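Fold and contact review
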Amino acid sequence: MFSKEVYISRRAELKKLVGSGVVILFGNNESPCNYPANSYHPMRQDSTFLYYFGQKREGLVGVIDIDNDIETLIGDDIDIEDIVWYGSVDSVSDLASQVGVAHSAPMSQLKTLCEAAGNRTIHFLPPYRHDIKIQLMDLLGIHPKQQKASASMALIRAVVKMRSTKSPLEIEAIEDACSIGYKMHTTAMQLVRPGVTEKYIGGQIDGIAYSFGAMMSFATIFSQHGEIMHGAPSMAPLEDGRLVLCDCGAETMEHYCSDNTRTMPVNGKFTQRQLEIYSIVEDCHDYVLEVARPGVKYMDVHFAVCRMMTDRLKELGLMRGDTEEAVRAGAHAMFLPHGLGHMMGMDVHDMEGLDQVNVGFDEETRPILDQFGTNCLRMGRRLEEGFVVTDEPGIYFIPALIDDWKQSGHCAEYLNFEMLESYKDFGGIRIEDDVLITSDGCRFLGKERIPYHPKDVEEYMASHRLV
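These notes cover the structure that comes with them. Remember, predicted model here, so these are calculated numbers, not experimental data.

All right, on to the packing of aromatic side chains then. A complete count under the given rule lists 10 aromatic pairs for this structure. A ring pair is formed by Phe 2 and Tyr 256, whose centres lie 6.2 Å apart and whose planes are at 45 degrees; its orientation type is tilted. You can see Phe 2 sitting in the segment before helix H1 (4-18) and its partner Tyr 256 sitting in the loop between strand S11 (250-251) and strand S12 (260-265), a full 254 residues away along the chain. Comparing Phe 2 with Tyr 256 shows no difference in burial state: the two are buried. Here the aromatic rings of Phe 270 and Tyr 278 are separated by 4.9 Å at their centres, their planes lie at 55 degrees, and the arrangement is tilted. Neither residue differs from the other here; Phe 270 and Tyr 278 are each classed as buried. Counting every residue linked through ring pairs, the aromatic cluster contains Phe 335, Phe 397, Tyr 423 and Phe 426. The ring centre of Phe 53 lies 5.2 Å from the NZ or CZ of Arg 11, which sits over that ring.

Structure below.
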């Protein structure tokens, strides 16, 4: 937790941005796994609640009466039964004091505070957990199906504005997450060899996240089927001659995230064909450092990378025709069916629960929803100093997509389907790092760079094997 002055300042700024009414920010509750007393652990607090109220305990709600300048932390103190099993914890009043909140009250008073608002606006964010949806329905009488539409746009805009720009304290926390991420990825490189299962290495990676931080920042992706965007580790043994893709990140005890991807040869040596594709992704990844800076739309950075990728794939014979026309038609999405990156911070897809159109776009830059691949671009708006975004180009050979486009003739004038047939067993390559937008450009976050240049990957794997 940061100093209480950080949270006092954040709430003061939030009050100015929202203007009037009553703000309710729900913390999370424990989430049962397979029966009520067996919860998923560790309990992950809601990020926006953490941002303004800082406390990680379950069952808390923050209430900010803007008009009367009264802040209240709502929650029930634990009883002796809980103390026997879980030990003593601070009272809700103590928790409130630690983050500069003057008032506290039991959960039974939440409805009273809502009723006291009268005709004033009660601002809440779109809930994503079913227990909070039920609680919100009990408080305000809004059915869960209508809660997203009823959420306060004034509050959403204020939260997005504040959380998008990272303070020096937050940047330091993300750097700490990147340090854990470095340990996770380099451990994977040390363990990869033919015969070891995906599941074993995935488990080792996750253990590092838990050992040095709070948890993984998302479910670890570790698979020889790199063409599957979210391929979970399976019991399949790693096979000689194949590539394996590792996409993982850590979450610090302050709940700031890292997100990196590396792709490596199972036997420690890239084949010539693998290097040909890998070098394209590598150059696209590095090109972002040249073009991303304040004032530039990230959508334009995305398409600049797509044009570079198309030019290089044309050199290999996998694509053809005019580059601009091919990208305009979306032909590049055969190989890159996702966006270049997303916002990152306390959530690995930062604030995505507030709707990506509110986070990654604005009135000037709107999402393109009618084109395959481009419709998955999560970040398109103009970059600002202090933004943290991911840079994650990839090239994937997805057999089902190749068959589908070949059968329909989609973008046939730009794609060499005959050559694509020979790549159906290739898998996929992605290289991803976290980028901080600076005053005059951008830089990668992380004090130690996870190897990604081909020679560096091969040398690291050869000299650091654990098994």
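Take the environment of Met 184 next. Tracing the backbone shows Met 184 in helix H9 (residues 168-191). Residue Met 184 is classed as buried on the basis of its relative accessible area of 0%. The spacing of Met 184 and Met 264 is 80 residues in sequence and 14 Å in space, taken between C-alpha atoms. Met 184 has contacts with Ile 205, Ile 208, Ala 209, Cys 248, Gly 249 and Ala 250, leaving out every residue within four places of it along the chain.

So, on to the sheet that holds strand S1 (residues 22-26). Judged by pairing direction, the sheet is mixed, and its 5 strands sit side by side in the order S6-S5-S4-S1-S7 without closing on themselves. Pairing within the sheet leaves two strands with one partner each, and these edge strands are strand S6 (103-105) and strand S7 (122-123). By the bridge criterion, 5 bridges tie S1 to strand S4 (residues 61-65) in an arrangement that is antiparallel. Bridging across to S4, Phe 26 finds its partner in Val 61. Of the strands in this sheet, S1, S4, strand S5 (70-74) and S7 touch H1, which is tilted by about 55 degrees from S4. Strands S1, S4 and S7 of the sheet are contacted by helix H6 (residues 130-140), whose axis makes an angle of about 150 degrees with S1.

Rules and cut-offs
Residues numbered from 1 in each chain as written. Predicted model: local features only at pLDDT ≥ 70, side-chain atom pairs only at ≥ 80, totals over all residues. Heavy atoms only, no water. Phe/Tyr/Trp six-rings, centres within 6.5 Å; stacked < 30°, edge-to-face > 60°. Helix = DSSP H or I, 4+ residues; strand = E, 2+ residues; numbered from the N terminus. Buried < 20%, exposed > 50% of the residue type's maximum accessible area, 1.4 Å probe, protein only. Lys NZ or Arg CZ within 6 Å of the ring centre and 35° of its normal. Contact = heavy atoms within 4.5 Å. Pairing = 2+ DSSP bridges. Axes fitted to C-alpha atoms, helices over the stretch in contact; angles between N-to-C directions.

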